[in-house]
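Chain residues, written in single-letter form:
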Amino acid sequence: MRITVLGSGGWGTALALLLTDNGHDVTLWSHSAQRSALLERTRENPRLPGVPLPEALHLSAGLDSLDKQLLEFARAYRFTRFKTLRLVCLPALRPQFSAGLLTAFGLAWKSGVAAEVMGIPDHSIGEQLYLSKVYLDTGGIFAWTVVIILLSFLFEKMVLGLLERFLGWEPSCRGQKPRDGGREGKALELSAVTKGYQGRQVLQAVSAVYEPGGTYLLTEPSGSGKTTLLRILAGLTPPDRGSLSASPLCSMVFQEDRLCEEYSGLKNVELVTGDRAAAAEALGQLLEAEALERPCSELSGGMKRRVALVRALAADSDLLLLDEPFTGMDALTRRRAEEYIQTNRKGRTLVMADHREGSARNPGAE
């Protein structure tokens with residue numbers, strides 16, 4: 001027997017899953033293709049023990065929507081798994097967790113009243129509703145229904161208020177101290193590195209030596225493999241052939257900003273410094289004071305780029321990899337950013353990709 005369930009909300013999805021478990025052939029009619037796909041996956045996989053169905057669905061969707069580029073940023077900066085979970089994953093899951101928890105609490109209240117109607121415990125709302133039904137007390141049924149709806153609404157509002165207070169926290173980044181041993185003094189050597197994608201060779205037998213403290217500019221045209229080379233140096237992409245002599249601790253500005261959008265620019269820098277005061281001092285050199293505490297989702301493209309640049313320079317590393325770091329900056333801001341790099345590189349090896357005219361004016365370039 002085929003049954004069509006209308007609606008993509010928690011009730012519709014829950015009902016569809018319940019009918020599926022009882023052997024019915026169910027079609028979920030939904031405007032959301034993602035929820036339909038999620039339903040299919042939930043059918044195939046066992047449910048999480050002890051987790052309410054709506055919460056499991058929301059958390060599953062949240063995990064699917066985690067920004068893979070942010071996870072790669074965490075890899076490049078050598079975050080531990082726990083640090084990645086605490087600083088990157090959990091904040092990104094807050095909206096889904098909050099929505100799922102609200103749905104679960106709403107269902108729990110309604111199902112609790114339904115259980116009282118069936119079990120008829122003394123002095124319960126369910127008992128009063130049942131007795132009103134038995135004695136055909138229409139007014140009583142209507143009154144208790146209004147009470148249930150009102151209490152459910154107030155309960156959800158109370159839970160929402162508590163959630164907003166609880167989920168408004170920002171994880172502490174304290175305790176992340178820089179190394180005491182200083183910078184590594186070893187040269188970084190590429191030996192006959194080859195890399196291709198879908199049959200197209202991007203890098204062909206590339207060999208290079210990057211001396212400690214050197215500055216190296218990659219100014220080839222777009223599509224010539226600059227980003228691929230930087231990713232190999234960062235340890236994010238393995239070469240098809242060839243080798244890399246070492247895997248130094250690096251910090252990187254990606255082609256994308258790769259910021260935690262719900263955090264402020266200051267918090268994004270603090271993720272790698274572990275010191276809020278040091279992060280504020282560093283970011284204040286390139287970003288206006290009134291923008292330091294604003295969420296990155298409210299910053300302009302050029303502001304986000306400056307945050308990403310400061311984050312890379314403020315991190316404790318031996319190798320700086322900058323991929324198009326001046327994207328979205330006007331001429332004046334670009335000059336300020338170039339001066340910031342020169343002042344704050346602290347003797348680290350710098351490899352920068354920039355195909356724009358004027359890149360060669362960066363002092364110390366090789």
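Residues numbered from 1 in each chain as written. Predicted model: local features only at pLDDT ≥ 70, side-chain atom pairs only at ≥ 80, totals over all residues. Heavy atoms only, no water.

**Remarks on the overall build of the chain**
And then number 1: When its secondary structure is counted, the chain shows 12 helices and 9 strands.
And then number 2: Across the 366 residues that make up the chain, the buried fraction comes to 42%.
And then number 3: Contacts in the chain between residues far apart in sequence, at least 24 positions, make up 67% of those at least 6 positions apart.
And then number 4: Counting only carbon and sulfur atoms, one obtains 58% of the accessible surface of the chain, whose full area is about 19500 Å². (Helix = DSSP H or I, 4+ residues; strand = E, 2+ residues; numbered from the N terminus. Buried < 20%, exposed > 50% of the residue type's maximum accessible area, 1.4 Å probe, protein only. Contact = heavy atoms within 4.5 Å. Areas by Shrake-Rupley, 256 points an atom, 1.4 Å probe, with all protein chains shown as cover.)

**Regarding the sheet that holds strand S8 (residues 319–323)**
And then number 1: In space, the 4 strands of this open sheet follow the order S5-S9-S8-S7, with parallel pairing throughout. The sheet terminates laterally at strand S5 (215–218) and strand S7 (250–253), the two strands that pair on one side only. This sheet shows a mean twist of 10° between the axes of neighbouring strands, independent of strand direction.
And then number 2: As paired elements, S8 and strand S9 (residues 349–353) share 5 bridges and run parallel to each other. Across the sheet, the residue bridging to Asp323 is Ala353, located in S9.
And then number 3: Lying on the sheet, helix H8 (residues 226–234) is in contact with S5, S7, S8 and S9; it crosses S8 at an angle near 155°. (Pairing = 2+ DSSP bridges. Axes fitted to C-alpha atoms, helices over the stretch in contact; angles between N-to-C directions.)

**Considering the side chain of Asp354**
And then number 1: Considering the arrangement of structural elements, one finds Asp354 in the segment after S9.
And then number 2: A distance of 3.0 Å separates polar atoms of two side chains, one belonging to Asp354 and the other to Arg334. (Polar contact = N/O pair within 3.5 Å; in protein donor to acceptor, adjacent residues only side chain to side chain.)

**Thoughts on the pattern of salt bridges**
And then number 1: The full count for this structure, using the stated rule, is 12 salt bridges.
And then number 2: With its nearest N and O atoms 2.6 Å apart, the salt bridge here joins Arg258 to Glu72. Of this pair, Arg258 sits in the loop between S7 and helix H9 (265–273) while Glu72 sits in helix H4 (residues 68–76), and the two are 186 residues apart along the sequence. Both residues of the pair, Arg258 and Glu72, belong to the buried class.
And then number 3: Here the residues in one salt-bridge network are Glu72, Arg231, Glu256 and Arg258, joined through shared partners. (Salt bridge = Lys/Arg side-chain N within 4 Å of Asp/Glu carboxyl O.)

**Brief notes about the sheet that holds strand S6 (residues 241–244)**
And then number 1: Read from one edge to the other, the open sheet built from 3 strands follows the order S4-S3-S6, with strand pairing classed as antiparallel. Edge positions in the sheet fall to strand S4 (200–210) and S6, since each has one partner strand and no second. When the angles between neighbouring strand axes are averaged without regard to direction, this sheet yields 20°.
And then number 2: As defined by bridge partners, strand S3 (residues 188–197) adjoins S4 across 7 bridges and the pair is classed as antiparallel. The residue bridging Tyr197 from the neighbouring strand is Arg200, located in S4.
And then number 3: On top of the sheet, H8 reaches S3, S4 and S6; it is set at about 125° to S3, its chief contact.

**Considerations on the confidence of the model for the chain**
And then number 1: Confidence along the chain averages 78 in pLDDT terms, with 74% of residues attaining 70 or more.
And then number 2: In the model of the chain, strand S1 (residues 2–6) stands out as the element of lowest mean pLDDT, 43, in contrast to helix H11 (residues 301–314), which has the highest, 96.
And then number 3: Scored below 50 in pLDDT, residues 26–35 shows 32 contacts in the model against residues more than four places distant or in partner chains.
And then number 4: In this model, residues 358–366 is a region of pLDDT below 50 whose contacts with residues beyond four sequence positions or in other chains number 19 contacts. (pLDDT = per-residue confidence, 0-100.)

**With respect to the nonpolar core**
And then number 1: Core analysis: the biggest nonpolar cluster contains 65 residues, and Tyr77, Leu233, Leu309, Leu321 and Val351 have the highest contact counts within it.
And then number 2: Looking at which element gives the most residues to this core, the answer is H11, with 7 residues.
And then number 3: If sequence neighbours within four positions are ignored, Leu309 has contacts with Val253, Leu286, Leu322, Pro325, Met329, Ala337 and Ile341. (Core = buried A, V, L, I, M, F, W, Y, C linked by side-chain atoms within 4.5 Å.)

**A short note on the state of the cysteines**
As used in these notes, a disulfide is a covalent bond between sulfur atoms, one from each of two cysteines.
And then number 1: According to the stated counting rule, one finds 0 disulfides in the structure shown.
And then number 2: Free of any disulfide, Cys260 has its nearest cysteine sulfur in Cys296, 8.1 Å distant.
And then number 3: Judged by relative accessible area, Cys260 falls into the buried class, the value being 1%. (Disulfide = S-S within 2.5 Å.)

**Describing H8**
And then number 1: For H8, the buried fraction is high: 8 of the 9 residues fall into the buried class.
And then number 2: Within H8, the full set of buried residues consists of Lys226, Thr228, Leu229, Leu230, Arg231, Ile232, Leu233 and Ala234.
And then number 3: Taken from the residues just after H8, Gly235 is the one with a positive phi, measuring 80°.

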